[in-house]
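Understanding the architecture of this molecule
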Amino acid sequence: MKVVALISGGKDSCYNMMQCVAAGHRIVALANLRPAHADELDSYMYQTVGHQAIELYSEAMDLPLYRRTIQGSSLDTSRDYRETEGDEVEDLYQLLHLVKEKEGVEAVSVGAILSDYQRVRVENVCLRLGLQPLAYLWRRDQESLLSEMISSDLHAILIKVAAFGLDPEKHLGKPLADMEPYLKQLSQKYGVHICGEGGEYETFTLDCPLFKKKIVIDAAETVIHSADAFAPVGYLRFTKMHTENKDSDVVARALPHGSCPCQSAIDKMTEEEEYADQAEDNHQEFTSDCDLSCQRGHDLPPSCSPRSTRGYQWISGINGLQNQDPWIQGQTSAAFIQLQSELDNRGWKIKDIILVHLYVRSMEDFGPLNTIYKKHFGINPPARVCVQAPLPAGQLLQMDCLLHDWIEPLEDGCFHEREALHVQSLSHWAPANIGPYSQALRVDDSVFCAGQIALVPCTMQLVKAGTRTQAHLSFSYVKKVLEAVISRLTLAHVVQAHCYTTRHQDIPIIRAVWESMLKAAEEEKVSHCVDVFLEPEIKPAPLLVVVVPALPRGAAVELHVTAIQDDPSKRTSCHMTTKVACGSIECHIVMSTDSCSASLSLWLASPGPACEITDDAKDVTEAIGITFKKAMKKMDAELVPLCARVFYKCDHSLTQHIVKGLEESLKCSLDESSPSMALVPVLNLPDSQILHLSCWLSL
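Residues numbered from 1 in each chain as written. Predicted model: local features only at pLDDT ≥ 70, side-chain atom pairs only at ≥ 80, totals over all residues. Heavy atoms only, no water.

1. Remarks on the overall build of the protein chain
Across its full length, the protein chain holds 15 helices and 28 strands. In the protein chain, which comprises 699 residues, the share counted as buried stands at 59%. The contacts of the protein chain with a sequence gap of at least 6 include a subset with a gap of at least 24, amounting to 77%. Within the structure as shown, the protein chain displays about 28800 Å² of accessible surface, and the carbon and sulfur contribution to it stands at 49%. (Helix = DSSP H or I, 4+ residues; strand = E, 2+ residues; numbered from the N terminus. Buried < 20%, exposed > 50% of the residue type's maximum accessible area, 1.4 Å probe, protein only. Contact = heavy atoms within 4.5 Å. Areas by Shrake-Rupley, 256 points an atom, 1.4 Å probe, with all protein chains shown as cover.)

2. Let's talk about empty space enclosed by the protein
Enumeration according to the criterion identifies 4 cavities of 30 Å³ or more in this entry. The computed volume of the second largest cavity comes to approximately 160 Å³. Counting residues per element, the lining of the second largest cavity draws most heavily on strand E13 (residues 383-388), which supplies 3 residues. Across the lining of the second largest cavity, the residue classes tally to 10 nonpolar, 4 polar and 2 charged. (1 Å grid on protein atoms, 1.4 Å probe; cavity = no way out; pocket = protein on both sides within 12 Å on 5 of 7 lines; lining within 4 Å. Points joined across faces, edges and corners; volume = space filled by probe spheres on them. Nonpolar A, V, L, I, M, F, W, Y, C, P; charged D, E, K, R; others polar.)

3. Examining the layout of surface pockets
Of the volumes computed, that of the largest pocket is approximately 1600 Å³. Taken together, 50 residues make up the lining of the largest pocket; nearest its centre are Asp141, Lys479, Lys480, Glu483 and Glu524. Mapped onto the lining of the largest pocket, the elements with two or more residues apiece are helix H5 (142-151), helix H7 (176-190), helix H8 (261-272), helix H12 (467-485) and helix H13 (507-527). A total of 8 residues in the lining of the largest pocket trace back to one element, the largest contributor, which is H12. A per-class count over the lining of the largest pocket returns 21 nonpolar, 14 polar and 15 charged.

4. Comments concerning the sheet that holds strand E17 (residues 446-449)
Read from one edge of the open sheet, 6 strands run E15-E16-E17-E22-E20-E21, paired in mixed fashion. One side of each edge strand has no neighbouring strand; the edge strands of this open sheet are strand E15 (418-421) and strand E21 (543-547). The mean angle between the axes of side-by-side strands here comes to 15°, regardless of whether they run parallel or antiparallel. Here strand E20 (residues 494-501) pairs with strand E22 (residues 557-564) via 7 bridges, running antiparallel. Residue Gln496 lies in a different strand from E22, and its bridge partner there is Thr562. Sitting on the sheet, H12 touches E15, strand E16 (440-443), E17, E20 and E22, and the angle it makes with E22 is about 30°. (Pairing = 2+ DSSP bridges. Axes fitted to C-alpha atoms, helices over the stretch in contact; angles between N-to-C directions.)

5. Here's the deal with the pairing of E20
Counting buried positions along E20 gives 8 out of 8 residues, so the element sits mostly inside the fold. Summarising the sheet, E20 and E21 pair through 5 bridges and their orientation is parallel. Bridge pairing links His498 to Leu544 in E21.

6. Observations regarding helix H11 (residues 366-373)
Along H11, the residues classified as buried are Phe366, Leu369, Asn370, Ile372 and Tyr373. Across the axial projection of H11, the buried residues extend over an arc of 160°, all falling on one side. (Arc of directions from axis to C-beta.)

7. Here's the deal with the environment of Ala492
Looking at where Ala492 falls in the secondary structure, it is placed in the loop between H12 and E20. Expressed as a C-alpha distance, the spacing of Ala492 and Asp567, which sit 75 residues apart in the sequence, is 9.0 Å.

8. Description of the packing of aromatic side chains
A full pass over the atoms with the stated rule returns 12 aromatic pairs. Relative to Trp696, the ring of Phe448 has its centre 5.2 Å away and its plane inclined at 90°; by these criteria the two rings are edge-to-face. Placement of Phe448 in strand E17 and of Trp696 in strand E28 (residues 689-698) is noted, with a sequence separation of 248 residues between them. Considered together, Phe448 and Trp696 belong to a single accessibility category, that of buried residues. Counting every residue linked through ring pairs, the aromatic cluster contains Tyr57, Phe204, Phe211 and Phe238. Over the face of the ring belonging to Tyr117 we find Arg121, whose NZ or CZ atom lies 3.6 Å from the ring centre. (Phe/Tyr/Trp six-rings, centres within 6.5 Å; stacked < 30°, edge-to-face > 60°. Lys NZ or Arg CZ within 6 Å of the ring centre and 35° of its normal.)

9. Side note on the packing of helix H3 (residues 88-103) against helix H4 (residues 116-129)
Where H3 contacts H4, the axes come no closer than 10 Å and their chain directions differ by 40°. Here H4 runs oblique to H3, going by the angle between their axes. Judged by the sense of rotation from one axis to the other, the crossing of H3 with H4 is right-handed. Residue-level inspection shows Val89, Glu90, Leu92, Tyr93, Leu96, His97 and Lys100 of H3 in contact with H4, the latter providing Arg121, Val122, Val125, Arg128 and Leu129. Here the residues of the contact of H3 with H4 sort into 7 nonpolar, 1 polar and 4 charged. (Parallel < 35°, antiparallel > 145°, perpendicular 65-115°, else oblique. Left-handed = near helix turned anticlockwise from the far one by under 90°.)

10. Examining a nonpolar patch on the surface
A contiguous nonpolar surface patch, about 370 Å² in accessible area, is contributed by Phe164, Tyr190 and Phe230. Here Tyr190 is to be found in helix H7. Under the relative-accessibility criterion, Tyr190 is labelled partly exposed at 47%. (Patch = residues over 30% accessible without salt bridge, like charges linked within 9 Å, V, L, I, M, F, W, Y side chains within 5 Å. Salt bridge = Lys/Arg side-chain N within 4 Å of Asp/Glu carboxyl O.)

11. As for the confidence of the model for the protein chain
Confidence along the protein chain averages 88 in pLDDT terms, with 89% of residues attaining 70 or more. Per-residue pLDDT, averaged within each element of the protein chain, yields its smallest value for helix H9 (residues 275-281) (45) and its largest for strand E4 (residues 107-109) (98). When the criterion is pLDDT under 50, residues 274-292 qualifies, and its contacts beyond four places in sequence or with other chains add up to 40 contacts. Contacts for the low-pLDDT stretch residues 530-534, under 50 throughout, to residues beyond four places or in other chains number 1 contact. (pLDDT = per-residue confidence, 0-100.)

12. Focus: the environment of Gln470
If you trace the backbone, Gln470 turns up in helix H12. Residue classification places Gln470 among the buried residues on the basis of a relative accessible area of 1%. Separated by 85 residues in sequence, Gln470 and Ala555 have C-alpha atoms that sit 7.9 Å apart.

13. Focus: the pairing of strand E9 (residues 233-245)
Both strand E6 (residues 155-161) and E9 contribute to a ladder of 2 bridges, which runs antiparallel. Opposite Val161, over in E9, you have Gly234 as the bridge partner. Pairing of strand E8 (residues 213-226) with E9, which is carried by 12 bridges, proceeds in the antiparallel orientation. Bridging across to E9, Lys214 finds its partner in Glu244. As consecutive antiparallel partners, E8 and E9 are separated by 6 residues.

14. Focus: the packing of helix H10 (residues 328-346) against H11
Where H10 meets H11, the axes come as close as 9 Å, and the angle between the chain directions of the two elements is 35°. Seen from above, H10 lies across H11 with right-handed handedness. Residues Ile328, Gln329, Thr332, Ser333 and Phe336 of H10 touch H11, and the partners they reach there are Pro368, Leu369, Ile372 and Tyr373. Of the residues belonging to the contact of H10 with H11, the class tally is 6 nonpolar, 3 polar and no charged.

The structure is reproduced here in structure tokens:
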């Protein structure tokens, strides 16, 4: 893509340009915002110190430089920026609008590492202009990133210091390479961000492999902004500078071949695969060719759970069958009309939706469905899971939604948190969104993640690897998302986990990867514990793996989880077994440490041939309802079951009879606390399971 690079003169914006070139993009222009009447502007968004030398960047790189004077100020400082007249973000909009008109750019290089504030605002501007943000440094490990910058021949000096341990008289003008060991010491002793992400220091880049000429500072003066005894603040004001020709004006590559962090991680995973996995799985389309139609449909009205005291409610069974249109656009529009009606009847608004499960009859409908879907949501849409399921003939989609709004007044000194993680920039961190959804929604201590597949983040293409690598990548992305939402949140904090795959024989591989990553999470927790002998074992939620016909982009694996910020080692769990005529009913419960949420997994295992007797189906259905009620009593908590997601083998005659009467059975057993029912036909389930009910519960 043709890229305009946002430059401040600092190391981050410069190194991100190098990453863009390494990824195959072409830098065609530079853009910078400068202060009006001062060396440095008190800005939440922009580095302005060192702006006197920015003009030399154009000469150094032989590229046009577009500059604009910052006229606005930080007016909208909320987490989610909205277009605000007079805000400094609108200066960025005007600048990039001009560059797009003049240069025809398609993407924007931005050097954000950790600042959600900066990323959200750049993404807002890019979305409005139809540009793709490229933030390849986003959430990189700062220590390794700094070393990587220095080893890549990026030469920068410190031009501002503002942290304990950094002295303007000693450290201003020092090369970054010389400061690296000392910065590591400060990071270890005092928690200083080694890349300066906390504003501890700022840099100016004098040379890098992209420069055809290097910048030379001839004269500068030190300005003391604050003479604080512990953390004095000072910066350099450049008074004389010029460019010099380099020994060679040929820039071969910005980065050495094979230095992409995404590819390095994938290569490491692939090396750990067994040869048999590679030979069988690599480069295959992970889809099923069997008949994908259910034997019968379920013409049921939408199903709704009670509303919990913490403000959750689930609505299931939304479809577009009211519209006779045989095309996905018509049925999607009809589904949203039905959904809006259900919301209106219960006093909800569409903005209250935090999680959507979307099942489609054909993954080929993914694109046109999204065209309709995205019209109904704003800047931070709900997290979403989307897979293909063998829906009844004529039914092209099925949708269910989790809604939330607080209904209890806050106690003194308390506050609520609801925020979306909606990263749209291409990076080396985790995939940007391939549809109108957020990577995760947080409500207080609960995190609801979108489904993750094994896309390579910097290219957004499906990794060319087998199931083991795809599972490892997908699970690692979920881990990164959890950590980005709440620091130190890991896979061990997951309270409910659903994994979709397209081949039954891959289930053991997926389970093995999940177990290995949970073990790694536990070992990491133990490594932070002072007394490892007293550290209790983590009680993770079980992973449910179901087989479906297809996943987005032809992926082999998609993982979706719900996590809770608690102590996983102090969770309570129990297991029950009930014998029935055709096999057994197993039930497993995991409850969070504070007893405020839980997951309930209930499955019917039938090792023998399909049972054809309707009377047996009725008995089994009643037994499922009774087992569910017993499990609720064992939890001994006032939890509300919100959604009973029932995965059932669509070609098994017994399950066809069970699902018809299951919602009524639960209502008889649970009365007013009966959950919403989402019936999901699948191709297969683990082991000898023919039906698996997975329920999330909350106060």
